[in-house]
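Analysis of the macromolecular model
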Amino acid sequence: MLKEAASLIMKHTVATRRHLTPELVLRLITPECPLWRATEHQIPFKDPFWAFYWPGGQATARFILDNADQFKNRTILDVGCGCGAGSIAAAKVGAKRVVANDIDHFAVTATKINAGLNDVTIETSTNDLIGARCEEFDTILIGDMFYNEEFASLLFEWLLRLSTKDGKTVLIGDPGRHGLTTARRQQMSLAARYDLPAHICMENHGFTHADVWTLNK
Ligand SMILES: C[S@@+](CC[C@H](N)C(=O)[O-])C[C@H]1O[C@@H](n2cnc3c(N)ncnc32)[C@H](O)[C@@H]1O
């Protein structure tokens, strides 16, 4: 773990359980933190997506904790892990192997800190795996990554290939972002829908619920 990154994360985040998975304690930037209202140039991190627990990621982790039998003994890759909640949930319910992946090294450091806080051990990777074969894994987790159309298109094409050609289980948590178009939703099945409590809704542009989808095989 990069020591400097870890101490910056510890300085600017607080431990919180005010989310859809209170079983997990996570270091995040919350409305109580000075950085919540800081301007771009006051923030010592570039695009600190990992410092927030996105509604799609909350739904994915909630689903894992509520459906432990589907993840026990599985080999899991959490792409775009952010704060690491999906990986931590999978490790908690007895997955055989969990790799938390994010191209932002701060995300991976935050994930390691959060894994420690929750007494689980997970592996991490900062490689860009979009397009990779993922032979070592049977399950791919995606939390809230359909916020940008260009990336959504690349991501969806890859996930669809992993699911339909390689038989992987692909789980996608999403609050209704534009990147999950009707055409894309027609290739997925709804596994669960979670209402978001008022404070999460307010902090997330008014999204009222978050869904968990599985890609059809
Ligand atoms: C919106 S955040 C979601 C984080 C987390 N899954 C959640 O739901 O709370 C998207 C994350 O994807 C990461 N990301 C973006 N492109 C990526 C890529 N090609 N491979 C892995 N991670 C990526 C970002 O660094 C960021 O942490």
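Further up the page is the structure itself.
Each chain has its residues counted from 1, running along the sequence as written. Totals for whole chains, interfaces and linings use every residue, but because this is a predicted model, local features are given only for residues with pLDDT of at least 70 and side-chain atom pairs only at 80 or more, for both listing and counting. In computing side-chain properties, one takes all heavy atoms of the structure into account and sets aside hydrogens as well as water.

Regarding the sheet that holds strand β6 (residues 139–143)
One key point about sheets: their strands pair by backbone hydrogen bonds, in either a parallel or an antiparallel sense. DSSP-based pairing: two strands are paired if at least 2 bridges between them are found. Helix and strand definitions follow DSSP, with helices as H or I runs of at least four residues and strands as E runs of at least two, each counted in order from the N terminus. In spatial order, the strands read β5-β4-β3-β6-β7-β9-β8; together these 7 strands make up an open sheet with mixed pairing. Where the open sheet ends on each side, the last strands, each with one partner, are β5 (123–125) and β8 (188–195). Averaged over all pairs of adjacent strands, the angle between strand axes in this sheet comes to 20°, irrespective of strand direction. For strand β3 (residues 75–79) and strand β4 (residues 97–101), the ladder comprises 5 bridges, and the chain directions are parallel. From the neighbouring strand, Leu77 faces β4, where its bridge partner is Val99. Most of the contacts of helix α2 (residues 55–66) go to strand β7 (residues 169–174), to which it runs at about 130°, and overall it touches β6, β7, β8 and β9 (209–215). Between N-to-C directions, angles cover 0 to 180 degrees, with each direction set by a line fitted to C-alpha atoms, over the stretch in contact for helices. Contacts are assigned to residue pairs with any non-hydrogen atoms lying within 4.5 Å of each other.

Quick word on the site of the ligand
A molecule or strand has a residue near it when one of that residue's heavy atoms lies within 4 Å. Not every one of the 19 residues close to the ligand is listed here, only the nearest: Trp54, Gly57, Gly80, Asp102 and Gly143. Any N or O atom pair separated by 3.5 Å or less is treated as a polar contact, with the protein-specific requirement of one donor-capable and one acceptor-capable atom, and with residues adjacent in sequence counted only for side-chain atom pairs. Between the ligand and Gly57 there is a distance of 3.2 Å, counted from an oxygen atom to a backbone nitrogen or oxygen. Gly counts as polar in this scheme, as do all residues outside two lists: the nonpolar Ala, Val, Leu, Ile, Met, Phe, Trp, Tyr, Cys and Pro, and the charged Asp, Glu, Lys and Arg. Per-class residue counts for the shell around the ligand are 10 nonpolar, 5 polar and 4 charged.

Regarding the pattern of salt bridges
What counts as a salt bridge is simple: a side-chain nitrogen of Lys or Arg found within 4 Å of a carboxyl oxygen of Asp or Glu. In the structure shown here, the tally under the stated rule is 11 salt bridges. Close ionic contact of Glu136 with Arg97 constitutes a salt bridge, the shortest N to O distance being 2.8 Å. On the criterion of sequence distance, the pair formed by Glu136 in the loop between β5 and β6 and Arg97 in strand β4 is long-range, its members being 39 residues apart. Judged by relative accessible area, which is 24%, Arg97 ranks as partly exposed. Bridged by salt links that share partners, the residues Glu23, Arg62 and Asp66 form one connected network. Only protein chains enter the calculation, and the probe is 1.4 Å; a residue is then buried if its accessible area is under 20% of its type maximum, exposed if over 50%, and partly exposed in between.

What about the nonpolar core?
The biggest cluster of nonpolar side chains holds 35 residues, and the ones touching the most others in it are Leu26 and Ile64. Contributing elements (two or more residues each) for this core: β2 (26–28), α2, α3 (85–92), β4, β8 and β9. Ignoring any residue separated from it by four or fewer positions in sequence, one finds Ile64 in contact with Phe71, Gly86, Ala89, Ala90, Val93, Leu141 and Leu171. Counting 23 residues, the second-largest nonpolar core is a separate cluster that includes Val79, Val99, Phe146 and Leu160. Residues grouped as a nonpolar core are buried Ala, Val, Leu, Ile, Met, Phe, Trp, Tyr and Cys residues, joined through side-chain atoms within 4.5 Å.

Spatial relationships are all this shows, so hold off on functional conclusions.
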